[in-house]
Amino acid sequence: MRKMNRIPLSPNLKRFKFFFDLLKRNTDDYLFLMDLTTSLIMVSPNLVQDFELPGEIMDDFDQYWLPLVHPEERTNYSNSISEVMHHRSREHMLDYRVKNRKGDYVWIRCRGTIGFDRDGTPNIFTGVMTRLSQRNQADEVTGLLNKYQFERGVKSALAAYRSTGVGGAVMVLGLDNFKIINETHNRVVGDHVLKEVSRQIEAILPPDFTLYKLDGDEFAIVYPQAGEKEVAELFASIQGCLAHPYEVDGRQYFNTVSAGTVFYPQGGKDYLVLHKHAEAAMDSAKRAGKNRNCIFSKEQYNRWVRSITMRDSLWDSVENGCEGFSLFFQPQVSAVNRELIGAESLLRWRNPKGRMVAPMEFIPILEETKLIVPVGKWIYEEVVRICKRWREVRPKFCISVNLSYEQVKDLSFKNFALDCLKRYDMPADSVVLELTESKIVADWSFVNKQFDDFRQAGIKIAMDDFGTGYSSLASFKNLSCDIVKIDREFVKKILENDFDKQLVEYVVALCHSMGIKACIEGVEDIEEYNLLTKRCKADAIQGYLFGHPESEENFEEKFLKGPKYLEPCSPPQSR
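Residues numbered from 1 in each chain as written. Predicted model: local features only at pLDDT ≥ 70, side-chain atom pairs only at ≥ 80, totals over all residues. Heavy atoms only, no water.

(A) Quick peek at the packing of helix α14 (residues 412-423) against helix α15 (residues 444-456). Remark: α14 packs on α15, axes separated minimally by 11 Å, with the N-to-C direction vectors making an angle of 10°. By the criterion of interaxial angle, the relationship of α14 to α15 is roughly parallel. Contacts from Phe-413, Lys-414 and Ala-417 of α14 reach α15 at Gln-450, Asp-453 and Phe-454. Here the contact of α14 with α15 is built from residues that sort into three nonpolar, one polar and two charged. (Axes fitted to C-alpha atoms, helices over the stretch in contact; angles between N-to-C directions. Helix = DSSP H or I, 4+ residues; strand = E, 2+ residues; numbered from the N terminus. Parallel < 35°, antiparallel > 145°, perpendicular 65-115°, else oblique. Contact = heavy atoms within 4.5 Å. Nonpolar A, V, L, I, M, F, W, Y, C, P; charged D, E, K, R; others polar.)

(B) View of the environment of Lys-276. Along the chain, the position of Lys-276 falls in helix α9 (residues 271-287). Judged by relative accessible area, which is 38%, Lys-276 ranks as partly exposed. Those residues in contact with Lys-276, other than ones at most four positions away along the chain, are Tyr-301 and Trp-304. There is a polar contact of 3.4 Å between the side chain of Lys-276 and the side chain of Tyr-301. (Buried < 20%, exposed > 50% of the residue type's maximum accessible area, 1.4 Å probe, protein only. Polar contact = N/O pair within 3.5 Å; in protein donor to acceptor, adjacent residues only side chain to side chain.)

(C) Geometry of the sheet that holds strand β8 (residues 211-213). Strand order in this open sheet of five strands is β8-β9-β7-β12-β13, and the pairing throughout is mixed. The open sheet has two free edges, formed respectively by β8 and β13 (293-295), since each of these has just one partner strand. Averaged over all neighbouring strand pairs, the angle between strand axes comes to 25°, with direction disregarded. With eight bridges connecting them, strand β7 (residues 168-175) and strand β12 (residues 257-264) associate as antiparallel partners. Considered in β12, the bridge of Gly-174 is made with Ser-258. The sheet strands contacting helix α7 (residues 187-204) are β7, β8 and β9 (218-224), and the helix crosses β8 at an angle near 165°. Relative to the sheet, α9 contacts β7, β9, β12 and β13, its axis offset from that of β12 by approximately 145°. (Pairing = 2+ DSSP bridges.)

(D) Expanded view of the sheet that holds strand β1 (residues 30-35). Across the sheet, six strands lie side by side as β3-β2-β1-β6-β5-β4; this open sheet has antiparallel pairing. Only two strands of the sheet have a single partner each, and these edge strands are β3 (57-58) and β4 (91-99). Sheet analysis places β1 next to strand β6 (residues 122-131), joined by six bridges and oriented antiparallel. Along β6, the bridge assignment pairs Tyr-30 with Met-129. The strands that helix α4 (residues 74-85) touches are β1, β4, β5 (105-116) and β6; relative to β4, the one it contacts most, it runs at about 150°.

(E) Unusual backbone geometry, seen in detail. The amide bond that connects Tyr-264 to the next residue, Pro-265, takes the cis arrangement and shows omega of 15°. Here Pro-265 lies in the loop between β12 and α9. Phi at Arg-338 is positive, roughly 65°, even though this residue is not glycine. Structurally, Arg-338 is set in the loop between β14 (325-334) and β15 (340-350). For Arg-338, a relative accessible area of 22% puts it in the partly exposed group.

(F) Just the packing of helix α12 (residues 372-390) against α14, in detail. Closest axis-to-axis distance for the α12/α14 pair is 10 Å, and the angle between their directions is 20°. If you check the angle between α12 and α14, you find them roughly parallel. As for how α12 packs across α14, the hand of that crossing is right-handed. Mapping the contact onto sequence places Gly-376, Lys-377, Tyr-380, Glu-381 and Val-384 in α12 and Ser-412, Phe-413, Phe-416, Ala-417, Cys-420, Leu-421 and Arg-423 in α14. Its residues assigned to classes, the contact of α12 with α14 comprises seven nonpolar, two polar and three charged. (Left-handed = near helix turned anticlockwise from the far one by under 90°.)

(G) Representation of the nonpolar core within the structure. Of all hydrophobic cores here, the largest spans 81 residues; its most connected members are Phe-325, Tyr-380, Ile-486 and Ile-541. The dominant element in this core, judged by the number of residues it contributes, is α12, at 11 residues. Sequence-distant contacts of Ile-541, defined by excluding residues within four places in its chain, comprise Pro-331, Gln-332, Val-333, Ala-335, Cys-519, Ile-520, Val-523, Tyr-529, Leu-532 and Phe-546. Leu-175, Val-193, Val-248 and Ala-259 belong to the second-largest nonpolar core, a separate cluster that totals 31 residues. (Core = buried A, V, L, I, M, F, W, Y, C linked by side-chain atoms within 4.5 Å.)

(H) Expanded view of the packing of aromatic side chains. For the structure shown, the criterion picks out 27 aromatic pairs. Measuring from ring centre to ring centre gives 6.2 Å for Phe-397 and Phe-555, while their planes differ by 70°; the resulting arrangement is edge-to-face. One end of the pair, Phe-397, is in the loop between α12 and β17 (398-403); the other, Phe-555, is in helix α19 (residues 552-560), with 158 residues separating them in the sequence. Chaining the aromatic ring pairs together yields one cluster made of Phe-329, Trp-390, Phe-397, Phe-555 and Phe-559. The residue whose ring lies beneath Arg-348 is Phe-328, and the NZ or CZ to ring-centre distance is 5.5 Å. (Phe/Tyr/Trp six-rings, centres within 6.5 Å; stacked < 30°, edge-to-face > 60°. Lys NZ or Arg CZ within 6 Å of the ring centre and 35° of its normal.)

(I) The pattern of salt bridges, seen in detail. A complete count under the given rule lists 43 salt bridges for this structure. Salt-bridge contacts for Arg-88 lead to Glu-83; the nearest nitrogen and oxygen are separated by 3.1 Å. Between Asp-176 and Lys-286 there is a salt bridge, with the nearest N and O atoms lying 3.1 Å from each other. Of this pair, Asp-176 sits in the loop between β7 and α6 (178-184) while Lys-286 is found in helix α9, placing the two residues 110 residues apart along the sequence. (Salt bridge = Lys/Arg side-chain N within 4 Å of Asp/Glu carboxyl O.)

(J) Geometry of the state of the cysteines. Scanning the entire structure with this criterion turns up zero disulfides. Its sulfur unpaired, Cys-481 is 7.3 Å from the next cysteine sulfur, which belongs to Cys-511. Judged by relative accessible area, which is 6%, Cys-481 ranks as buried. Classification of Cys-511 as buried rests on a relative accessible area of 0%. (Disulfide = S-S within 2.5 Å.)

(K) Region of the structure containing α7. Counted at 1.5 Å a residue, the expected span for α7 with its 18 residues is 26 Å, and the 26 Å between its end C-alpha atoms agrees. Along α7, the residues that are buried comprise Val-189, Gly-190, Val-193, Leu-194, Glu-196, Val-197, Ser-198, Gln-200, Ile-201 and Glu-202. (Expected span 1.5 Å × (residues − 1).)

(L) A look at a nonpolar patch on the surface. Taken together, Phe-18, Phe-19 and Leu-22 make up a surface patch of nonpolar side chains, about 320 Å² in accessible area. With respect to the helices and strands, the residue Phe-18 is situated in helix α1 (residues 11-24). (Patch = residues over 30% accessible without salt bridge, like charges linked within 9 Å, V, L, I, M, F, W, Y side chains within 5 Å. Areas by Shrake-Rupley, 256 points an atom, 1.4 Å probe, with all protein chains shown as cover.)

(M) Spatial organisation of a positive patch on the surface. A surface patch of positive charge is lined by Arg-303, Arg-306, Lys-353 and Arg-355. Here Lys-353 is to be found in the loop between β15 and β16 (356-357). Judged by its relative accessible area of 80%, Lys-353 is exposed. (Lys, Arg positive; Asp, Glu negative; His and termini not counted. Charge placed at Lys NZ, Arg CZ, Asp CG, Glu CD.)

(N) A look at the pairing of β1. For β1, a buried count of six out of six residues is recorded, marking the element as mostly surrounded by other parts of the structure. Side chains Tyr-30, Phe-32 and Met-34 of β1 all project onto a buried face; the interleaved residues Leu-31, Leu-33 and Asp-35 project onto the opposite face, where all are buried too. Summarising the sheet, β1 and strand β2 (residues 40-43) pair through four bridges and their orientation is antiparallel. Paired with Phe-32 across the two strands is Val-43, which belongs to β2. Counted along the chain from β1 to the antiparallel partner β2, the turn is four residues long, and its residue Ser-39 has a positive phi close to 65°.

What follows is the structure, encoded as structure tokens:
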């Protein structure tokens, strides 16, 4: 092979070199000029600088360029160039990825045109390569086409539908719990994770598919001619490729994704509607437990719209001093003698129309928007205020307050809580903090440090909902606490089989061996109560057997003005 810097220019290239040199000094784009009679090519110096090319003049460009083209796009690239070289097309127009000198694939848009001599013979092939990221068309982190190109892709698919009558699907994907990676580490690590996830998903997509990078941790795919079966298979493939941990900077990470899919034209006939509907479906997938694909439906979308409306109303409520919020209280009794020893405070909310909204609807929104932080402070102060009055009747009465991970991360809450006790002249043992959502705790050492400060001040810590959902034993192992609250899911079949009896018995015994008290939630039956107290040796009981959640006024009337020891209620009402 001849040395590149000694290749002489052909007459055709010499003729245009003056104009080529003028252009390359006035653009950041990459330029090329090929003599079709000799296959000699001249490229601008920035192309040599950014990519592994031997020089500005080459006699076999594709020998160096083709290996740099992304493997998934080499066929399309070769086919497009072949059309030009064999005079079947006058223009070369293609977006594709090329590996730069840093080893990263970047998107470029190549536009080339054939020039003819006076007798009509093609003799020049010239054009421009544009870095899409320089034109706000590619994502800088992943190299994927961005949301603007996604819009073009959806509009192109809709145009194809209008001409063929065959629809398809639009899928939006979002990483689950990605914010924990950013919060626990940093955004540089987060960017590496996004890049690795995009690489893995791209690897399993068919060659003619494009993975788009949207805002934040979201991706998108346009799937022409797809039905529910094809979409389900695609999402299963994506789940499969992300099913194993991967390494970034020496650490192992694992991600799941949630997806929302909308079919066109059924779910919309323009880009904005389809994108909105796919986003709504993805949001529903996350709310339903994550790591799943939700298909858009009008019913699901209407629920999503209600949640957005609810979000705005919650903001207004908080800004107006937590207007519309109230607390209900469910009694807790000593398992030994049924003495009323305390209550759990439960948040309730009436929307602006006066309708009571179920906690399972509004509390997740408070968590997502971090409104739980100001609302949590309002709850805590209300509990301290109410407990002060109730202690005049029951001197050792204490109230439990649910505390989410978002509140624990709020470093101002600890000083607020201690100052609140001081302002109301209340002892620390009047409040118990119950950690909820332990399944998403990213840093147990941080949580324990915060709770250790509370415990040193005399405030007890409880682990809520033990026995449900995720790895409760792992949470038990990680969290230093004073009380474990065993969920009803753990005990509702305790009368039916010996396994559940022994399981609860062993968990209570494990708590006692570590100096931790066990409170059983959701007790509804007197036989359950007898078994839990006599055989399992529980310390406290909470459930419909001794009382439903009541408003502040009703709780006072039913429980504080009545006997010190509670009698079981009538058979439980429907929940």
